[in-house]
Amino acid sequence: MLSSGPRPRLIGLWVACWLLFSPAASVGETQRILVLYSNNRLLPANLEFEAGLRETMASSTESSAEFLDYPRFDGEFYIRALTAFLREKYALRPPAVLVVGGEEALDFLLRHRAELFPRIPVIHAAVTRSFLSSLLPLPADVVGVPIEYDFPGTIDLALRWHPQARRLVVVTGSSAQDRAWETELRGEVSRFQDRVTTEFLAGLPTDAVLKRLSRLGGDTVVFTPGYFEDGVGRQFSPREAARLMATAAAAPVYGPFDTFIGTGIVGGSMPNFAAMGRRAGRIVNDLLDKVTRAAPRLPEIMPTAVNVDWRQVRRWGIDPNAIPGDAIVWFKTLTLLEEYPTETAAAAAAFLLQTGLIAGLLLERRRRRRMDLAVQQQRFELAHAARLAIAGELTGAIAHEINQPLGAILSNADAADLLLASGADRRDELRQILADIRRDDLRASEVIHRLRALLAKQPVEWQPFDLNSAVGEVESVLRAEARRRGLALEVQTAATSAVLIGDRVQIQQVLLNLVLNAMDAANGLPEARRVITVSVKRDADRLALVVRDRGHGIAPEHLPKLFDSFFSTKRRGMGLGLSIARTLVEAHGGCIRIEPGPGEGAVFRAEWPVANGTTVPKLA
Ligand code: ADP
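A brief report on the enclosed structure follows. For clarity, every value in this text was computed on a predicted model and none was experimentally measured.

Rules used in this analysis
- Residues numbered from 1 in each chain as written.
- Predicted model: local features only at pLDDT ≥ 70, side-chain atom pairs only at ≥ 80, totals over all residues.
- Heavy atoms only, no water.
- Axes fitted to C-alpha atoms, helices over the stretch in contact; angles between N-to-C directions.
- Helix = DSSP H or I, 4+ residues; strand = E, 2+ residues; numbered from the N terminus.
- Parallel < 35°, antiparallel > 145°, perpendicular 65-115°, else oblique.
- Left-handed = near helix turned anticlockwise from the far one by under 90°.
- Nonpolar A, V, L, I, M, F, W, Y, C, P; charged D, E, K, R; others polar.
- Near = heavy atom within 4 Å.
- Areas by Shrake-Rupley, 256 points an atom, 1.4 Å probe, with all protein chains shown as cover.
- Core = buried A, V, L, I, M, F, W, Y, C linked by side-chain atoms within 4.5 Å.
- Buried < 20%, exposed > 50% of the residue type's maximum accessible area, 1.4 Å probe, protein only.
- Contact = heavy atoms within 4.5 Å.

## Details of the packing of helix 14 (residues 395-422) against helix 15 (residues 427-455)
At a closest axis distance of 9 Å, the pairing of helix 14 and helix 15 adopts a crossing angle of 165 degrees. Taken together, the axis directions place helix 14 and helix 15 in an arrangement best described as roughly antiparallel. In the packing of helix 14 onto helix 15, the handedness of the crossing is left-handed. Looking at the contact of helix 14 with helix 15 residue by residue, the classes come out as 17 nonpolar, two polar and six charged.

The structure is reproduced here in structure tokens:
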């Protein structure tokens, strides 16, 4: 684990002198550098390094690259051929600065430098501190910032993020580099022996490694630096090997190189290859820039950082609080709140406000609905009370309506008595008398039945009914009342059926009210004006109930108040009849109004629009 922070140190003295005394390149002149890599061109670490280097170097600097292709190519002949090739290739176009990426490249260069690139300053990168110490003393014109692969730091991280782990599996390969890593790791793991038992899968065929990893239990974590070569000589890049392992493993896999991120490993404490490239690029710039005469300061070591793949954090149930705040978190899809905190807070506030408003409106609606229901109930009660009042007014007529058949029954019974006393066989006549008695009885019970329908407190019933027959049902009681008051009543029903949808008792109540008012208006007037006409009218788009009288009429100043509750010009009037009539007519989708009459008296017209043959009620 890296404990000491980067401490600046002076770049090599020789390089400082080189800066001062080497011939200055004129401004704008192209400077050439050569990068020599240990491994092959496509190694992910090389690509990352190259990107960082190019990003930092001055645009006037021209770079070319050579690859030792280690460990795929090695051996005396290969090295000899490669040396000859490089010598010939760069004899006429020598680079101004050499960058070496990786330990094998540095080792090769130091061995063949005098022959290939004498006196050309060298910048090393991606070389571990321990390897450098094996090369000491380094020539003064070989500079760079060493690295350290943080194997123990990564293992420590894995064990902290998986506190339940009791076993550590370490996978390494069989190339010289792989074996060097294995040796290093065998030394490092001893410090974790109190926490876990360690198992090495070293130098095995890849198939065997993957099979073993796929059978691991939940108490295991895996660490691997990847490998260049497996136990049967198959070549890999460490990244490829790591990808295969992470895909197959039934336990979380950790690695020490940032090029492994995205392969399925969880993460690790990693130096950054792009950062190494950028650092090398800055040193190149300093060496080539003859204006900067000061010796640049270099940190003692490249720092490592915790890198973690957020998808793996979720997959393995790692506690997010265990991830250090300065960790580089990959593939984390930010939540809306994290990405747009202000906008999300505003939207949430607007949403809450809107929800509050909607809840308020719903409550208000419920309250109003409850009030509407209460008002409806009161109207219903009032309408019923008004019907009782009407019945009170019609008591005389009703008594007459019932008395008439009762009287007829009595006289028929008397007549039957007389017939029986005569002793003659008058059976046919007696049969006729009994039929009359039965008919009168039915008439009386019919009157009582209708009266009960009018007075009973029944719930409102919405169904189609014929206005003609509804009028007919109350006609006899109205006629009886008219007779009692010495009035003439004319009833004209419509020629066709006049279907209204609603409550027939309520519409009968409207009619009774209008006719009783008309009767009151005709009170005390000469006989010619004591005529009341009730008509049912039906045309294409309207159905109307019209009550006309020739009474004293309505004073113009009373017209606007006529349908108001409690407006009455009568000594004992309650002033509720017309207002209730209007409520009932409107509840049936119609309207009620006073029509200008042809002379004296008043004409009240209740009217309903007709669609598809029936009226369209406004359900209360
Ligand atoms: P009430 O009959 O108890 O007075 P209404 O609401 O039925 O209550 O009538 C209100 C008023 O309208 C009556 O007092 C009367 O002045 C007037 N009115 C109603 N119908 C007629 C009519 N046919 N002719 C003249 N005035 C009428």
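Still more ground to cover, so stick around.
## Things to note about the site of the ligand
Near the ligand, the surroundings consist of 21 residues, among which Asn 517, Ser 568, Thr 569, Lys 570 and Leu 578 are the closest. Taken by itself the ligand offers 540 Å² of open surface, and the protein chains cover 93% of this. Listed by contribution, the elements that provide at least two residues to the shell around the ligand are helix 17 (504-521) and helix 18 (577-587). In terms of residue count, the dominant contributor to the shell around the ligand is helix 17 (four residues). Classifying every residue of the shell around the ligand by side-chain character gives 10 nonpolar, nine polar and two charged.

## A word on the nonpolar core
If you look at the biggest cluster of nonpolar residues, it comprises 77 residues, and the most contacted ones within it are Ile 33, Phe 49, Ile 123, Trp 161, Val 171 and Leu 213. Counting residues per element, this core draws most heavily on helix 10 (residues 273-288), which supplies seven residues. Ignoring anything within four residues of it in the chain, the contact list for Trp 161 reads Tyr 254, Val 266, Val 306, Val 308, Ile 318, Ala 322, Ile 323 and Pro 324. Core analysis: the next-biggest nonpolar cluster, separate from the first, contains 55 residues, Ala 494, Leu 545, Leu 562 and Phe 567 among them.

## Thoughts on the packing of helix 2 (residues 44-56) against helix 10
Following both chains from N to C, one finds helix 2 and helix 10 inclined at 40 degrees, their axes separated by 6 Å at the closest point. It follows from the interaxial angle that helix 2 and helix 10 lie oblique. Read as a crossing pair, helix 2 and helix 10 show a hand that is right-handed. Of the residues in helix 10, those touching helix 2 at Ala 45, Glu 48, Phe 49, Gly 52, Leu 53, Glu 55 and Thr 56 are Phe 273, Ala 274, Met 276, Gly 277, Arg 278, Ala 280, Gly 281, Arg 282 and Asn 285.

Keep in mind that these numbers describe shape and distance, not what the molecule does.
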